[in-house]
Amino acid sequence: MTDDSVTPMMAQYLEIKAQYSDAILFYRMGDFYEMFFDDAVAASEALDIALTKRGFHLGEPIPMCGVPVVAAEGHLLSLIRKGFRVAIAEQMEDPAEAKKRGSKSVVRRDVVRLVTPGTLTEDSLLEARRHNFLCAWAEVRDEGALAWTDISTGELRVMPCARARLAPELARLMPREILVSDASDTPVTSVATDLGAAVTEVARASYDSAGAERRLCALWQVATLDAFGTYGRAELSAMGALVDYLDLTQRGKLPLLRPPVREALGGAMLIDAATRRNLEITSALAGGRAGSLLETVDRTATAGGARLLERRLSAPSRDLNVISGRLDSVDCLLAQSGLRNQLREALRRVPDMDRALSRLALDRGGPRDLAAIRNGLSQAQLIASLVAGVDDGLLTQAAKSLTGNEDIISLLDQSLVEDPPLLARDGGFISAGFDPDLDETRKLRDEGRAVIAGMQADYAAETGVQSLKIKHNNVLGYFIEVTATHAEKMMSAPLNEKFIHRQTTANQVRFTTLPLSELETRILNAGNHALELEKNHFNRLRTAILSAAGPIGFAAAGLAELDVAAAFADLASGEGWTRPRVDASHAFLIEGGRHPVVERALQRQGAAAFVANDCALTARDAPAIWLLTGPNMAGKSTFLRQNALIALLAQSGSFVPAAKAHIGLVSQLFSRVGASDDLARGRSTFMVEMVETAAILNQADDRAFVILDEIGRGTATYDGLSIAWATLEHLHDANRCRALFATHYHEMTSLAQKLPGVENATVSVKEWKGDVIFLHEVRRGAADRSYGVQVAKLAGLPEPVIERAKVVLEALESGDRDGGNRRRTLVDDLPLFRIAPPVSPAPPKESALEERLKSVNPDELTPMAALNLVYELKKALAE
Ligand SMILES: Nc1ncnc2c1ncn2[C@@H]1O[C@H](COP(=O)(O)OP(=O)(O)OP(=O)(O)O)[C@@H](O)[C@H]1O
């Protein structure tokens, strides 16, 4: 049957859908969220669920699919991960209400939330140990600003950010979603693709800075924003766009945003996206946390601590006071191992208060979030008393924020049961004794249940049906059930006067009685009333918590601070790390430095111990560059990276994997590896290498620390060498920074004589019976050769290829020595492309004939024996 008319429900669906055309609409129908039309096609494919049809629209069947409400979160996550946005339309009234308006009327529905990658709050949709940032970038008259928030914790930050700085800042924050104005040409698409972030265009009006100021004042209920600092037009515009977007996606229920914190320009070490990727700071090149620096050093005990650690490593400080303050607190907890262990033990029981608070603010919280606040705050009190006597500025300051919430703790202590259920609608979370009314109602409800048990026994005795049961379901409510065998007895006199038949199923017959229905009404009323009372308590407790949101937020921040300090101290103690000296000099002196991630990997594999190495870029207030040559696989890249990571850890406030470290403040960190592919962005290998090198040469100042690994290797030898050569000269003469430069162009080692700030260093190996043995020791001086062929042999290249390579290498090297003549001869001689080159053939094994001949002495042969020998040899030859 086809029907061209639009049903009232479909009309409602289409009306809502028209407002959310860029999202998949989850349309609530009873216990399901249904999707229709293109949404259904896309979602069924993305979620791998059945696509069905329901009714007709304009003569065509309507594609449909659905997910049960109870399982919706998992499906939501899958859709968000696959880049969709989801609008959730709920039923806003009871179907019975709608019926009152007429039999054809449709239940009122409305979108209660637009779920996007940057606006998640559910624990199941978030990674506990990672932030989930939503960013907005604004530009007003050439002045740029970036604002970002994590609505799951309420943090809001803003900073001036020129166009050129946008990509590196986004790489630091790794946001899930970036807002841009639909009227601007913000250059974020390529960096967003790299970071896996969604880019959302919002209307230009959201960015209006005057409107933004009004919105922000209303949000924090202040007359002017002056109390939070003075903000430029672009900063206001970016923050305003964030708030406007939250208003849109949360449908008016704004999350609990804390007042903004301005991040000072220049407060953090500048690290661009390529360097972050390359040093695998917070995620490994293979993707994910495993194998990253963050994973290796993370010993935090709480989710809040883990998120703070990620922020620290993503933005090491450039402020000497901040750095030494953080190192002091690590030192303090390192020295007091007893206190540290107690502290870490106590921290392990701290729940994620930030996220609980945020869910409560958005009215998406449950009784467990109340319990999280209660447990978190009481743990905070205990921790405050633990660190009370500690003599350290940062720790004392953090401890101060942990107390002062006694009222809310005692309220929650009295009102909440120990282990409450997830959902408020399940009830049973308010303690007995807290509210006499509630206790009374519960008693009524529970007694009713006891009366039912008694009633069942009475009816069984009265009817003589021992298996008679009183049961409950949502359709019939309470009913008496007997098996079909007793049906006749129950339905004939005298029992049928009392037992009223309700339903017959395949095997059972169901009845009710007048007293049972009366009791049911009483139980039901009491149960509903108890739930109602509990819900009211929930709302009161929620309001009480939200009005203390400021101090609770401070306590959570204090706990995170203590957690990171204790975690760094634990790491230093467990791994034997030392306190770095960080000062205003230009020194870079590392003794016995190690690469934390490689060292851990070697330990896990049970391989030989990591070889510690020194690095001394000694020149003062002048460029200091080590040109590192050495065989493949010797450990050059590892050495380069370990020094960059030591600087990064030191300025993050951590001890470092070295026997001793003296680091003059590093302002910028750059790391590049020659010729890494970037096919996703459609750039050739060499192009990427050059773009990245250009960024360093144009930006590095004299406080930068640069590591360059085989720059120039992505092109022809002489072009590569020339580029590497000129790059090193530029770093030395123009950038005048500290740098480690690894290369296989041994020709460059002569630069050490020409440039005063350049020194040669090499990673030593031993040669033994034609093979190389890696010692992984870095020492001054230049390498004599690359041992590439030997390494290729270790890698299992076929023997003829290795042999041929040796010949070619020898020819090339001696060719270089006599002005290229040999090289030309080699090219003329060709057989570079012959498959099986007749190269230094192995001496053939002696044949049987040869052996036989060797064994005879002609002088001792008789003529007859000689003749016999000739016959013998002829025969052997024939065989
Ligand atoms: N200091 C060290 N102690 C022990 N093992 C090390 C050390 N440095 C490196 N290694 C080991 O050697 C391997 C190769 O190191 P790395 O990649 O740094 O060499 P490389 O000289 O840069 O090689 P290539 O020139 O081929 O890129 C590492 O994966 C690691 O297992």
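Throughout this description, residue numbers start from 1 for each chain and increase along the sequence as written. Local features in this predicted model are restricted to residues whose pLDDT is 70 or higher, and side-chain atom pairs enter the listing and the counts only when it is 80 or higher, whereas totals over whole chains, interfaces and linings include all residues. For the side-chain quantities, the full set of heavy atoms in the structure was used; hydrogens and water were omitted.

Named according to an unreviewed UniProt entry, the protein chain is DNA mismatch repair protein MutS originating from Gemmobacter caeni. UniProt positions are given in the numbering used here, feature names are shortened, and annotations may be inferred rather than shown by experiment. UniProt, in the comment section headed Sequence similarities (unreviewed entry), describes the protein chain in these words: "Belongs to the DNA mismatch repair MutS family." Annotation of the protein chain in UniProt includes, under Function (unreviewed entry), the sentence "This protein is involved in the repair of mismatches in DNA. It is possible that it carries out the mismatch recognition step. This protein has a weak ATPase activity."

(A) How the structure looks around unusual backbone geometry. Look at the link from Ala493 to Pro494: it is a cis peptide, with omega at 5°. A run of H or I in DSSP becomes a helix once it reaches four residues, and a run of E becomes a strand once it reaches two; helices and strands are each numbered from the N terminus. For Pro494, the location among the structural elements is in the loop between α19 (487-490) and α20 (495-498). Phi angles above zero are rare outside glycine, and Glu710 is one such case at about 55°. Summary of the burial criterion: residues with accessible area below 20% of their type's maximum are buried, those above 50% are exposed, and those between are partly exposed, where the area comes from a 1.4 Å probe applied to protein chains only. Take Glu710: its relative accessible area is 13%, and that puts it in the buried class.

(B) Focus on helix α1 (residues 8-19). Expected helix span is computed as 1.5 Å times (number of residues minus one). For α1, spanning 12 residues, the distance from its first C-alpha to its last is 17 Å, which sits close to the expected 16 Å at 1.5 Å a residue. Contacts from the buried residues of α1 go to β1 (24-29), β2 (32-36), α2 (37-47), β3 (52-57), β4 (60-68) and β6 (109-115). In what follows, residue pairs with any heavy atoms lying within 4.5 Å of each other are defined as contacts.

(C) Quick peek at the nonpolar core. Residues Leu313, Ile373, Ile383, Ile545, Trp626, Phe705 and Leu740 are the most contacted members of the largest nonpolar core, which totals 107 residues. Here this core gets 14 residues from one element, more than from any other, and that element is helix α22 (residues 549-575). Once you skip the residues sitting within four places of it in the chain, Ile373 turns out to touch Met353, Ala356, Leu357, Leu360, Leu412, Ile545 and Ile552. As used in this record, nonpolar core signifies buried Ala, Val, Leu, Ile, Met, Phe, Trp, Tyr and Cys residues forming a set joined through side-chain atoms within 4.5 Å. Judged by nonpolar contacts, the second largest core, of 26 residues, contains Ala241, Val243, Tyr245 and Leu246.

(D) Quick peek at the confidence of the model for the protein chain. Confidence of the predictor in every single residue is expressed as pLDDT, which spans 0 to 100. With 94% of its residues at a pLDDT of 70 or more, the protein chain shows a mean pLDDT of 87. Note that residues 677-681 has pLDDT below 50 and, in this model, 6 contacts with residues that lie over four places away or in other chains.

(E) Fine view of the sheet that holds β1. The 6 strands lie next to each other as β3-β4-β2-β1-β5-β6, forming an open sheet whose pairing is mixed. The sheet is open, and its two edges are formed by β3 and β6, each paired on a single side. With strand direction ignored, the average angle separating the axes of adjacent strands in the sheet is 35°. By the bridge criterion, 4 bridges tie β1 to strand β5 (residues 86-91) in an arrangement that is parallel. Looking across to β5, one finds that Tyr27 is bridged to Ala89. The strands touched by α1 within the sheet are β1, β2, β3, β4 and β6, with β1 carrying the most contacts at an inclination of about 145°. A pair of strands is labelled paired if DSSP reports no fewer than 2 bridges between them. Here an axis means a line fitted to C-alpha atoms, over the contact stretch when the element is a helix, while the angle between two N-to-C directions is reported on a 0 to 180 degree scale.

(F) A look at the side chain of Thr275. Relative to the assigned elements, Thr275 resides in helix α9 (residues 273-279). Using a relative accessible area of 0% as the deciding quantity, one classes Thr275 as buried. Two N or O atoms count as a polar contact when they lie within 3.5 Å, although within protein this holds only if one can serve as hydrogen donor and the other as acceptor, and sequence-adjacent residues are included solely when both atoms are side-chain atoms. Engagement of the side chain of Thr275 in a polar contact is seen with the side chain of Asp272, the distance being 2.6 Å. When near neighbours in sequence (up to four residues on either side) are disregarded, Thr275 contacts Leu669, Phe670, Ser671 and Arg672.

(G) Broad picture of the packing of helix α12 (residues 320-335) against helix α13 (residues 337-347). Interhelical geometry of α12 versus α13 gives an angle of 105° and a closest axis separation of 5 Å. Comparing the axis directions of α12 and α13 gives the class roughly perpendicular. Between α12 and α13, the residues in contact are Leu333, Leu334 and Ala335 and Ser337, Leu339, Arg340 and Leu343, respectively. For the contact of α12 with α13, the per-class residue count stands at 5 nonpolar, 1 polar and 1 charged. Under this scheme an angle from 65 to 115 degrees is roughly perpendicular, one under 35 degrees roughly parallel, and one over 145 degrees roughly antiparallel; angles in between are oblique. Each residue is assigned to one of three groups, with Ala, Val, Leu, Ile, Met, Phe, Trp, Tyr, Cys and Pro labelled nonpolar, Asp, Glu, Lys and Arg labelled charged, and all others, Gly among them, labelled polar.

(H) Quick peek at the packing of helix α17 (residues 406-415) against helix α21 (residues 514-547). At a minimum axis distance of 11 Å, the contact between α17 and α21 shows a crossing angle of 160°. Judged by the angle between their axes, α17 and α21 are roughly antiparallel. Between α17 and α21 lies a crossing whose hand is left-handed. Here Ile408, Leu411, Leu412 and Ser415 of α17 lie close against α21, whose contacting residues are Leu541, Ala544 and Ile545. A breakdown of the residues in the contact of α17 with α21 according to their chemical character gives 6 nonpolar, 1 polar and no charged. Handedness of a helix crossing follows the sense of rotation of the near helix relative to the far helix, less than a right angle counterclockwise being left-handed and clockwise being right-handed.

(I) Structural view of the sheet that holds strand β20 (residues 613-617). Sheet architecture is open: 4 strands sit in the order β18-β22-β19-β20, paired in mixed fashion. Both outer strands of the open sheet, β18 (581-583) and β20, are each paired with one neighbouring strand and no more. Each strand axis lies, on average, 15° off the axis of its neighbour in the sheet, ignoring direction. The pairing of strand β19 (residues 588-593) with strand β22 (residues 660-664) spans 4 bridges and is classified as antiparallel. Bridging from a neighbouring strand, Glu591 pairs with Lys660 of β22. Each of β18, β19, β20 and β22 touches helix α24 (residues 636-652); the most contacted strand, β19, lies at about 110° to it.

(J) Up close: the site of the ligand. We call a residue near a given molecule or strand whenever any one of its heavy atoms falls within 4 Å of it. Residues in close proximity to the ligand total 15 residues, the closest being Val611, Met633, Lys636, Ser637 and Thr638. Residue Gly635 places a main-chain N or O atom 3.0 Å away from an oxygen atom belonging to the ligand. At 3.2 Å from an oxygen atom of the ligand is found a side-chain nitrogen or oxygen belonging to His744. Against a free-state accessible area of 640 Å², the protein chains account for coverage of 78% of the ligand. With 3 residues, the single largest contributor to the shell around the ligand is α24. Of the residues that constitute the shell around the ligand, the class distribution is 6 nonpolar, 7 polar and 2 charged. Reported accessibility uses the Shrake-Rupley method at a 1.4 Å probe radius. Residues are deemed covered only where the shown protein chains occlude them.

(K) Summary view of the packing of aromatic side chains. Centres within 6.5 Å are what make two rings of Phe, Tyr or Trp a pair, Trp counting through its six-membered ring; a difference in plane orientation under 30 degrees is then read as stacked, over 60 as edge-to-face, and the rest as tilted. Counting across every chain of the model gives 10 aromatic pairs. Seen from their ring centres, Tyr27 and Phe36 are 6.1 Å apart, and the 70° between their planes marks the pair as edge-to-face. Grouping residues by exposure puts Tyr27 and Phe36 together as buried. Measuring from ring centre to ring centre gives 5.1 Å for Tyr459 and Phe499, while their planes differ by 75°; the resulting arrangement is edge-to-face.

(L) Here's a closer look at the environment of Cys332. Inspection of the secondary structure assignment puts Cys332 in helix α12. For Cys332, a relative accessible area of 12% translates into the label buried. For Cys332 and Ile711, which are 379 residues apart along the polypeptide, the C-alpha to C-alpha distance reads 43 Å. When neighbours within four sequence positions are excluded, Cys332 is seen to be in contact with Val390, Asp392 and Leu395.

(M) Main features of the pairing of strand β9 (residues 155-160). The pairing of strand β8 (residues 143-150) with β9 spans 6 bridges and is antiparallel. Residue pairing for β9: Trp148 is matched across the bridge by Arg157. As consecutive antiparallel partners, β8 and β9 are separated by 4 residues, and within that stretch Gly154 has a phi angle of approximately 85°, a positive value. The pairing of β9 with strand β12 (residues 261-262) spans 2 bridges and is parallel. Counterpart to Val158 in the pairing with β12 is Arg262.

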